[in-house]
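Topology and contacts: notes
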Amino acid sequence: MNIIRRKTLKAGLFCAASLSLIGFNLSISQNALAAEELTGVYYIPGSYEALSYGTDGFIKFLETNSSDKIKANYYHSSQLLKADEQLPALRAGSIDFMFHTSSYITRSLPILGITGLPGVVEELYRHPERLAIDSPLFNLINEQLAKENLYMLSSGGGILEPEYIWSTEADPIKSLDDLKGKKIRVVSFEATELVQQFGGAAVRIPSSETYLALQRGTVDAGVFNISTIIGRSLQEQLAFAYKLPMTGFTVSPFMLRSRWDTLDSDVKESLQEASVWYDNNFVKMANESFYPEKFWPKVNAAGIKIINPSSKDVESFNKATVTIWEKWKKEVGEDVGQRAIDLALGI
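In this report, we go over the structure that sits alongside the text. What you see is a predicted model, and the numbers here were worked out from it, not measured in a lab.

Focus: the sheet that holds strand E9 (residues 240-247)
In space, the six strands of this open sheet follow the order E7-E6-E8-E5-E9-E11, with mixed pairing throughout. The open sheet terminates on both sides in strands that have one partner only, identified here as strand E7 (201-204) and strand E11 (305-307). Strand-to-strand, the axes of this sheet are offset by a mean angle of 30°, without reference to chain direction. Note: E9 against E11, three bridges, orientation parallel. Residue Phe240 lies in a different strand from E11, and its bridge partner there is Lys305.

Have a look at this one:
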């Protein structure tokens, strides 16, 4: 091989190696800059204005502050999954995160029952700080969820205004005694137990079917949060609101614990920042703005009569909660259950 050919070959190899190295570095640079894609779901439709405010805000926060780190492919209003499909999909790894009402999944995740436990919800409603991020109760819930490989990023900053019993003109419920023999629409395990304690028949019906169920007499009444009343226009079918705080719930973002643990630190930081925004704004906005300023005026305009419970009913209700607490503590474990109740009550 002559000298000129050797020099030409060496130069060619050097150029090829240089181009390869540049390409390799460019690939690394592009990968480093690529945003983490996360697929998330939420079944609640936009007609639930208060329940969509926080979730929409969470996604907008990520888009505004962390678009270089996270690309959220977000499907709301059951665009991708229905309510009962979300938790199985998360567990299967088909999605990365979900927003879910706690009341819908307490049968699968009993520890979340603390957010709707009768006799506890009124205290949590009054003291949202007891469910704030990194509060003892928040951490206890996540300790238990970790056993199911789940992680709750935020409680939403507390629970929403408690659920009351709403009934029709044909089958009014103005006291606990009126529950006897009535068909009551419920969602959570806790509401089911409570209705049955007072002789009612608990019927689990999706919120999307509730309007027709009331209209046709499939159910006589329901345990509802006011978001469901306005979100499904149920005030058109109802006549009475028996304002005894029965149960409650919140809406939280969840991920698999194993998925969370594998995320880069900057992605985790971005999700934590969005979760802090959610914690500070979701429940507070619903309870202090949407409900008193927009939703209750619509209820009043519809002519729904508000019935406050008698002292006799309050006493009967408080006695019934003891039995439900004991059942729930068997589900989650006596020690864990009692600790959760104490923390929720501020003991």
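Focus on the environment of Ser270
Relative to the helices and strands, Ser270 resides in helix H10 (residues 265-301). Residue Ser270 is classed as buried on the basis of its relative accessible area of 3%. A sequence separation of 130 residues divides Ser270 from Leu140, and the C-alpha atoms of the two residues are 23 Å apart. With residues up to four places along the chain from it excluded, the contact list for Ser270 reads Leu62, Ser66, Lys69 and Ile70.

Observations concerning helix H5 (residues 136-146)
The set of residues buried in H5 consists of Leu137, Phe138, Leu140, Ile141, Asn142, Gln144 and Leu145. If you follow the buried residues of H5, they end up packed against helix H4 (121-126), strand E4 (150-152), strand E10 (251-256) and helix H12 (334-345).

With respect to the sheet that holds strand E1 (residues 36-41)
Within the open sheet, the five strands sit side by side as E2-E1-E3-E10-E4. Their pairing is mixed. Across the chains shown, the open sheet's two edge strands, defined by having one partner strand only, are strand E2 (70-75) and E4. Strand-to-strand twist of the sheet, defined as the mean angle between neighbouring strand axes without regard to direction, takes the value 30°. Strand direction decides the pairing type here: E1 and E2, joined by six bridges, are parallel. Each bridged residue has a counterpart across the sheet, and for Val41 the counterpart in E2 is Tyr75. The sheet contacts of helix H2 (residues 49-65) involve E2, strand E3 (97-101) and E10, and relative to E2 the element is tilted by about 155°.

Analysis parameters
- Along each chain, numbering runs from 1 in the same order as the chain's sequence is written.
- Reporting in this predicted model follows two pLDDT cut-offs: at least 70 for local features of residues, and 80 or more for side-chain atom pairs to be given and counted; totals over whole chains, interfaces and linings ignore these cut-offs and use all residues.
- With hydrogens and water stripped out, all remaining heavy atoms of the structure feed into the side-chain values.
- Pairs of strands are assigned from DSSP output, requiring at least two bridges between the strands.
- Helix and strand assignments follow DSSP, with helices taken as H or I runs no shorter than four residues and strands as E runs no shorter than two, numbered in order from the N terminus.
- In this analysis, axes come from line fits to C-alpha atoms, helices being fitted only over the stretch in contact, and the angle between any two N-to-C directions falls in the range 0 to 180 degrees.
- Note on classification: 1.4 Å probe, protein chains only; a residue is buried when its accessible area is under 20% of the maximum for its type, exposed when over 50%, partly exposed between these limits.
- Throughout, a residue-residue contact means that at least one pair of heavy atoms, one from each residue, lies within 4.5 Å.

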